[in-house]
Amino acid sequence: MLNFSIIETLVTASLVLLLGRKIVERAALLRAYSIPEPVAGGLLIALLLFGLHSVGNIEVRFDTGLQAPLMLAFFATIGLNADLASLRSGGKTLSVFLAVVLGLLILQNAIGLGLAKVMGLDPLIGLLAGSISLSGGHGTGAAWAKVFSDRGGLGVATEIAMACATFGLILGGLVGGPVARILIKRVKLPTDKQVLEEEPHGFEEPKTMRLITPQAFIETLTLIAVSIAVGTALAERMVGTALELPTFVCVLFTGVLLRNGLAVIFGYHVFERSISVLGNVSLSLFLAQALMSLRLWDLASLAMPVLIILFLQAIAMAAYAIFVTFRVMGANYDAAVLAAGHCGFGLGATPTAIANMQAVTERSGPSPLAFLVVPMVSAFFIDIANAIVIKLYLALPMFS
């Protein structure tokens, strides 16, 4: 057993990002399919550790103490980057995309339950391998697994949920790029003039040089810290109530209120360049730590029927993104980037969705609309929609 301290884990994550960059730079196939650098580097390390565990029974454990703060910092920057005036301008698109996402939630649970019934599995396993762990991610999966374990008698619920969410995280980073590649061939890309006229917005182009000052950096760091502190306190106070929400949702909303409240009351405008820099750093380090810490041997121990469900869910996600998300959202370049993002959070998590879209826009051009809509839907609205859909499924006769 090798235990890495929090500093050693941070150093390793930084090296993983540099490794991922070199891999993508040298691998034309990875560039062609817009595979995010943290995914490339993180999965390579995870596979190496899987080999050490399998051959030499050597296990490496990373101190993931920074993982949660990095994730919350990323969601805080998403909130701080949300201008309500811009959100109002994208209201119709936001509503349509939410309807598309709702359709996927229903489909994922239908696939999970249908295959579970065919293979003689507990229907609760079908739900865990559906929207709970895939669109919901690790947090939602852990929460519902406890319910299924305590009230449904499914003793291995937590293990199944975590394995499914981890598997989805991997596929979310691998499916989005190829889907975008297929769709981009059908649309007109942004012209050079459009790219030059518009300054990179938010999280669209993480490698673009952004000029910031030490004062702006400190102000933004303060706003992020306040968003995390207040959001975490709100989440703790709402535990056990009808208003209970995941911590990252509370942090995101605190960021939204902080940015827009300061603008209305004091006329203070956040410095979006520094928000973008800190947000991208947090996102990259979070993804690197999450992926390099994957215990792939736990995935290998999944029963074959559950693996079959997950593979079919990945195929269904890709097909849904191509034939539903892309077409309903306008069948244009923005729709292609939205489809890549939908693959990211439909199978994995919001950071994966952002990384997918960054990989696409860096190669093909900016898409401000996609970076406005996807974070709001995947970081907040999806949790409410998912909870409603899951409760409706649990009302079916098979669960009574």
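As shown above, the structure is provided for reference.
Residues numbered from 1 in each chain as written. Predicted model: local features only at pLDDT ≥ 70, side-chain atom pairs only at ≥ 80, totals over all residues. Heavy atoms only, no water.

Q: Can you explain the overall build of the protein? Please cite residues and give values.
A: From N to C terminus, the protein includes 18 helices and two strands. Taking 21 Å as the expected radius of gyration for a compact globule of 400 residues, we find that the protein reaches 20 Å, a close match to that expectation. The dimensions of the protein, computed from C-alpha atoms along their principal axes, are 60 × 50 × 50 Å. Within the span of the protein, comprising 400 residues, buried residues form 52% of the whole. Sequence-distant contacts, at least 24 apart, represent 80% of the contacts inside the protein between residues at least 6 apart. When the accessible area of the protein is evaluated, it comes to approximately 17,800 Å², of which 67% is carbon and sulfur surface. (Helix = DSSP H or I, 4+ residues; strand = E, 2+ residues; numbered from the N terminus. Rg over C-alpha atoms; globule rule 2.2 N^0.38 Å. Buried < 20%, exposed > 50% of the residue type's maximum accessible area, 1.4 Å probe, protein only. Contact = heavy atoms within 4.5 Å. Areas by Shrake-Rupley, 256 points an atom, 1.4 Å probe, with all protein chains shown as cover.)

Q: Tell me about the packing of helix H9 (residues 157–184) against helix H17 (residues 350–364), and please be specific about residues and values.
A: The geometry of H9 relative to H17 is characterised by a closest axis approach of 9 Å and an angle of 30° between their N-to-C directions. One finds that H9 runs roughly parallel with respect to H17. In this structure, H9 crosses over H17, and the sense of that crossing is right-handed. Counted together, Leu169, Gly172, Gly173, Gly176, Ala180 and Ile184 of H9 and Thr352, Asn356, Val360 and Ser364 of H17 form the full contact between these two elements. Residues that form the contact of H9 with H17 fall into these classes: four nonpolar, six polar and no charged. (Axes fitted to C-alpha atoms, helices over the stretch in contact; angles between N-to-C directions. Parallel < 35°, antiparallel > 145°, perpendicular 65-115°, else oblique. Left-handed = near helix turned anticlockwise from the far one by under 90°. Nonpolar A, V, L, I, M, F, W, Y, C, P; charged D, E, K, R; others polar.)

Q: Explain a nonpolar patch on the surface residue by residue, including any values.
A: On the surface, Ile6, Ile7, Val11, Leu15 and Leu18 cluster together to form a nonpolar patch covering roughly 450 Å² of accessible area. One can find Ile7 in helix H1 (residues 6–26). Assessed through its relative accessible area of 56%, Ile7 is described here as exposed. (Patch = residues over 30% accessible without salt bridge, like charges linked within 9 Å, V, L, I, M, F, W, Y side chains within 5 Å. Salt bridge = Lys/Arg side-chain N within 4 Å of Asp/Glu carboxyl O.)

Q: I'd like a rundown of the nonpolar core, residues and numbers included.
A: Phe97, Leu128, Phe148, Val179 and Phe345 are the most contacted members of the largest nonpolar core, which totals 104 residues. Top element by residues in this core is helix H15 (residues 304–328). It accounts for twelve residues. What Phe97 contacts, discounting residues up to four positions off in sequence, is Thr325, Met329, Leu338, His342, Phe345, Val373, Val374 and Val377. Counting residues in hydrophobic clusters, the runner-up holds nine residues, among them Leu43, Ala46, Leu294 and Leu296. (Core = buried A, V, L, I, M, F, W, Y, C linked by side-chain atoms within 4.5 Å.)

Q: Got a sec to walk through the environment of Thr140? Specific residues and values, please.
A: Along the polypeptide, Thr140 turns up in helix H8 (residues 137–152). In this structure the C-alpha to C-alpha distance between Thr140 and Leu128, which are twelve residues apart in sequence, comes to 9.8 Å. Not counting the four nearest positions on each side in its chain, Thr140 is found in contact with Ile132, Asp383 and Asn386.

Q: So what's going on with the side chain of Thr254? Residues and values would help.
A: Turning to its location among the elements, Thr254 is positioned in helix H12 (residues 247–266). In this view, Thr254 contacts Val226, Ser227, Val230, Gly231 and Leu234; residues no more than four positions away in its chain are not counted.

Q: Tell me about helix H13 (residues 272–292), and please be specific about residues and values.
A: Between its terminal C-alpha atoms H13 stretches 30 Å, which fits the 30 Å expected from 21 residues at 1.5 Å a residue. Judged by how many residues are buried, H13 sits mostly within the fold: 16 of 21 residues are covered. (Expected span 1.5 Å × (residues − 1).)

Q: Which residues make up the packing of helix H16 (residues 333–347) against H17, and what are the values?
A: For the pair H16 and H17, the least separation of the axes is 7 Å and the interaxial angle reads 150°. The element H16 and its partner H17 pack so that their crossing is right-handed. Between H16, through Tyr333, Val337, Ala340, Gly341, Cys343, Gly344 and Phe345, and H17, the contact on the second element is made entirely by Thr350, Thr352, Ala353, Asn356, Met357, Val360, Thr361 and Ser364.

Q: For unusual backbone geometry, give the residues involved together with the corresponding values.
A: Positive phi values are uncommon outside glycine, yet Asn57 reaches one of about 55°. Even without a glycine there, the phi angle at Ala331 is positive, about 55°. Mapping Ala331 onto the fold places it in the loop between H15 and H16. On the basis of relative accessible area, Ala331 is assigned to the partly exposed category, the value being 38%.

Q: Let's hear about the pattern of salt bridges: which residues, and what values?
A: Taken as a whole and assessed by the stated rule, the structure comprises three salt bridges. One salt bridge connects Lys22 with Glu25, and the closest N-O pair in it is separated by 4.0 Å. Highlighted residues: Lys22 and Glu25, both in helix H1, separated by three residues, approximately one helical turn. The exposure class assigned to Lys22 is partly exposed, which follows from its relative accessible area of 48%. Owing to a relative accessible area of 44%, Glu25 belongs among the partly exposed residues under this scheme. The residue Glu59 makes a salt bridge to Arg61 at a minimum N-O spacing of 2.9 Å.

Q: Kindly report on a positive patch on the surface, identifying the contributing residues and their values.
A: Judged by side-chain charge, Arg31, Arg181, Lys185 and Arg363 come together as a positively charged surface patch. Locating Lys185 in the fold gives a position in the loop between H9 and helix H10 (192–197). Look at Lys185 and you get exposed, because its relative accessible area is 66%. (Lys, Arg positive; Asp, Glu negative; His and termini not counted. Charge placed at Lys NZ, Arg CZ, Asp CG, Glu CD.)

Q: Help me get a handle on the packing of aromatic side chains, residues and values and all.
A: Evaluation of the coordinates by the stated rule reveals five aromatic pairs. Judged by centre distance (6.1 Å) and plane angle (80°), the rings of Phe97 and Phe345 are edge-to-face. Of this pair, Phe97 sits in helix H6 (residues 91–118) while Phe345 is found in helix H16, placing the two residues 248 residues apart along the sequence. Given the relative accessible area of 0%, Phe97 is considered buried. Taking the centre distance of 5.3 Å and the plane angle of 85° together, the rings of Phe167 and Phe311 count as edge-to-face. In this pair, Phe167 is assigned in helix H9 and Phe311 in helix H15, connecting sequence segments 144 residues apart. (Phe/Tyr/Trp six-rings, centres within 6.5 Å; stacked < 30°, edge-to-face > 60°.)

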